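What the coordinates show
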Amino acid sequence: MLHKLNFNDENSGVVVFDKVVVNGDGASDAYVFLQRTVQNNLPNCAGCMVTWNYEKFLVDADGRAFARYYPAASPLDTEADIERLLADAGR
């Protein structure tokens with residue numbers, strides 16, 4: 001049975017999206033992990049701050065950050081990296 005979530009109901013108890021801090025003091029543990037562990041593919045940006053909420057991170061099957069993409073990057077720009085990870089996982 002499908003249930004419709006009422007996103008306007010503050011008493012629903014369901015948090016689908018929530019605002020989080022992504023840089024600096026109080027940053028979400030997930031973003032701290034991603035920024036510190038990604039094999040950074042942004043030139044001169046080791047550990048740099050997340051520039052915008054559309055910045056993309058690719059994580060491998062073991063939960064390790066593998067790549068990071070600028071917000072303007074098309075999802076198609078991730079294709080080669082995704083194919084590489086899938087091939088590596090199949091070994």
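Since the structure is predicted, the reported quantities are computational estimates derived from the model, not experimental observations.

**A few points about the side chain of N23**
One can find N23 in the segment before α1 (29-37). Within the structure, the side chain of N23 is placed 2.8 Å from the backbone nitrogen of V50, a separation counted as a polar contact.

**Brief notes about the environment of V20**
For V20, the location among the structural elements is in the segment before α1. Separated by eleven residues in sequence, V20 and Y31 have C-alpha atoms that sit 9.4 Å apart. Not counting the four nearest positions on each side in its chain, V20 is found in contact with S28 and Y31.

**Topic: the confidence of the model for the chain**
Here the chain averages 78 in pLDDT, while 73% of its residues score no lower than 70. Per-element mean pLDDT across the chain ranges from 84 in α1 up to 92 in helix α2 (residues 79-89).

**Details of the pattern of salt bridges**
Scanning the model with the defined rule gives three salt bridges in all. Across the pair E55 and R68 runs a salt bridge, and its minimum N-O distance is 2.4 Å. Here R68 lies in strand β2 (residues 65-69) and E55 lies in the loop between α1 and β1 (56-59), a separation of 13 residues in the sequence. A single burial state applies to E55 and to R68, both of which are buried. Residue D62 pairs with R64 through a salt bridge whose shortest N-O separation is 3.3 Å. Counted as one network, the salt bridges with shared partners bring together D60, D62 and R64.

Definitions and limits used
- Residues numbered from 1 in each chain as written.
- Predicted model: local features only at pLDDT ≥ 70, side-chain atom pairs only at ≥ 80, totals over all residues.
- Heavy atoms only, no water.
- Helix = DSSP H or I, 4+ residues; strand = E, 2+ residues; numbered from the N terminus.
- Polar contact = N/O pair within 3.5 Å; in protein donor to acceptor, adjacent residues only side chain to side chain.
- Contact = heavy atoms within 4.5 Å.
- pLDDT = per-residue confidence, 0-100.
- Salt bridge = Lys/Arg side-chain N within 4 Å of Asp/Glu carboxyl O.
- Buried < 20%, exposed > 50% of the residue type's maximum accessible area, 1.4 Å probe, protein only.

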